[in-house]
Amino acid sequence: MAKKNKKKPMLSPSAQLGMIALLIPIAITVCVFAFFAWKELQTLPIFEKIAREKALEEIQQNFDMKIPEQYIPIYVAAEEKYGVPWTLLAAHHRIETRFSSMKSLVSPAGAEGPMQFMPCTFVGWQHPSCSGLGKGDILKAELINPETIKKYGGYGVDANGDGIADPYDIEDAIFSAANYLSKNGAADGHIKQAVFKYNHSDEYVKKVLHYFNLYNDYHDELKEAVVYKEK
């Protein structure tokens, strides 16, 4: 049987080593380029958006009930105007109506809207019908009229500029709550005092402060993530 001729390598061992020596720097260069290209891609808006959404979702997992994202920009806008931490407004909203998710936004005592204002607090205790718990006998046209509210010294606010201050409108309600808390010390750091003025109950204060402290641990992160997402 004839012996098969062994194929000689196309490159000698020394040539192969030389080729490897040439390819290693090229491979390193490609890897470095790919690394920095990926880093650059991560700065693109789409990647930043994905990262922020992921961060927001991770933060929300720390809460027994997620803060609805659509409300955070309203809390933040109220914070900027009245100096009340937006996380405090969120805490009140959580306690009062579970972020407006309750079937009825009118309490047995007569408090109304997402932030549960007594009509006399909203329109002003100088209204002739106001006494007792503050339900009063106030016509709706009076309750939502900014001029009437100004006349009677109420806390109701027309936040969205539609000409009415409506305790059932989410923007008006949150801004009105911020107005009330601000004028009762929250803007000056007297948080507990302001919360007690909102509802004269130690248990209520305890609950609101619990959520305020919980949310406040993520004050800047949540604000940044949601406000950026709105852009």
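Everything that follows concerns the structure shown earlier in this document.
Residues numbered from 1 in each chain as written. Predicted model: local features only at pLDDT ≥ 70, side-chain atom pairs only at ≥ 80, totals over all residues. Heavy atoms only, no water.

**Brief notes about the nonpolar core**
Judged by nonpolar contacts, the single largest core of 54 residues is most densely connected at Ile67, Tyr75, Leu88 and Leu89. Elements that contribute at least two residues to this core include exactly helix 2 (45-60), helix 3 (72-82), helix 4 (86-97), helix 5 (119-123), helix 8 (170-183), helix 9 (191-198), helix 10 (202-216) and helix 11 (219-230). Once residues lying within four places of it in the same chain are set aside, the contact partners of Tyr75 are Ile67, Trp86, Leu89, Ala90, His93, Phe99 and Ile174. (Core = buried A, V, L, I, M, F, W, Y, C linked by side-chain atoms within 4.5 Å. Buried < 20%, exposed > 50% of the residue type's maximum accessible area, 1.4 Å probe, protein only. Helix = DSSP H or I, 4+ residues; strand = E, 2+ residues; numbered from the N terminus. Contact = heavy atoms within 4.5 Å.)

**Overview of the state of the cysteines**
In the structure shown here, the tally under the stated rule is one disulfide. The partner cysteine of Cys120 in its disulfide is Cys130, sulfur to sulfur 2.0 Å. On the sign convention where negative means left-handed, the S-S torsion of about -100° between Cys120 and Cys130 marks this disulfide as left-handed. Of this pair, Cys120 sits in helix 5 while Cys130 sits in the loop between helix 5 and helix 6 (140-143), and the two are 10 residues apart along the sequence. (Disulfide = S-S within 2.5 Å.)

**Comments concerning the pattern of salt bridges**
Scanning the entire structure with this criterion turns up three salt bridges. Between Arg94 and Asp64 there is a salt bridge, with its nearest N and O atoms 3.0 Å apart. Taken together, the positions of Arg94 in helix 4 and Asp64 in the loop between helix 2 and helix 3 put the pair 30 residues apart, joining distant regions of the chain. Using a relative accessible area of 7% as the deciding quantity, one classes Arg94 as buried. For Asp64, a relative accessible area of 55% gives the class exposed. As a salt-bridge pair, Lys223 and Glu79 come within 3.7 Å of each other at their nearest N and O atoms. Within this pair, whereas Lys223 is found in helix 11, its partner Glu79 is found in helix 3, the two being separated by 144 residues in sequence. Relative accessible area serves as the criterion here: at 13%, Glu79 is assigned to the buried category. (Salt bridge = Lys/Arg side-chain N within 4 Å of Asp/Glu carboxyl O.)

**Section: the side chain of Asn179**
Take Asn179: it is sitting in helix 8. The residues touching Asn179, leaving out its near neighbours within four places in the chain, are Tyr82, Tyr155 and Val157.

**Comments concerning the packing of aromatic side chains**
The description of an aromatic ring pair rests on the distance of the ring centres and on the angle between the ring planes. Taken as a whole and judged by the stated rule, the model has 10 aromatic pairs. Plain terms: the ring middles of Tyr71 and Tyr75 are 6.5 Å apart, the flat faces sit at 55° to each other, and that makes the pair tilted. The same class applies to Tyr71 as to Tyr75, namely buried. (Phe/Tyr/Trp six-rings, centres within 6.5 Å; stacked < 30°, edge-to-face > 60°.)

**Re helix 10**
Helix length check: helix 10, at 15 residues, gives a terminal C-alpha distance of 20 Å against a target of 21 Å (1.5 Å per residue), a fit within 8%. Listing the buried residues of helix 10 in full gives Tyr204, Val205, Val208, Leu209, Tyr211, Phe212 and Tyr215. The buried residues of helix 10 occupy one face: seen down the axis, they fall within an arc of 165°. Exposed residues on helix 10 whose side chains face more than 90 degrees from its buried face are Asp202 and Lys206. Sitting at the amino-terminal end of helix 10 is Ser201, which places a side-chain oxygen 3.3 Å from the backbone nitrogen of Glu203. (Expected span 1.5 Å × (residues − 1). Arc of directions from axis to C-beta. Polar contact = N/O pair within 3.5 Å; in protein donor to acceptor, adjacent residues only side chain to side chain.)

**Comments concerning the side chain of Glu96**
Positionally, Glu96 belongs in helix 4. No salt bridge is formed by the buried Glu96; the nearest opposite charge belongs to Arg94, separated by 10 Å. In terms of polar contacts, Glu96 uses its side chain to reach the side chain of Tyr204, at 2.6 Å. Sequence-distant contacts of Glu96, that is, excluding residues within four places in its chain, are made with Met102, Pro114, Met115, Gln116, Tyr198 and Tyr204. (Lys, Arg positive; Asp, Glu negative; His and termini not counted.)

**Observations concerning the packing of helix 8 against helix 9**
Running from N to C, helix 8 and helix 9 point in directions that differ by 120°, and their axes come no closer than 8 Å. Between helix 8 and helix 9, the angle is such that the two are oblique. For the element pair helix 8 and helix 9, the recorded crossing hand is right-handed. Judged by residue contacts, Ala177, Tyr180 and Leu181 of helix 8 engage Ala194, Val195, Lys197 and Tyr198 from helix 9. Split into classes, the residues belonging to the contact of helix 8 with helix 9 amount to six nonpolar, no polar and one charged. (Axes fitted to C-alpha atoms, helices over the stretch in contact; angles between N-to-C directions. Parallel < 35°, antiparallel > 145°, perpendicular 65-115°, else oblique. Left-handed = near helix turned anticlockwise from the far one by under 90°. Nonpolar A, V, L, I, M, F, W, Y, C, P; charged D, E, K, R; others polar.)

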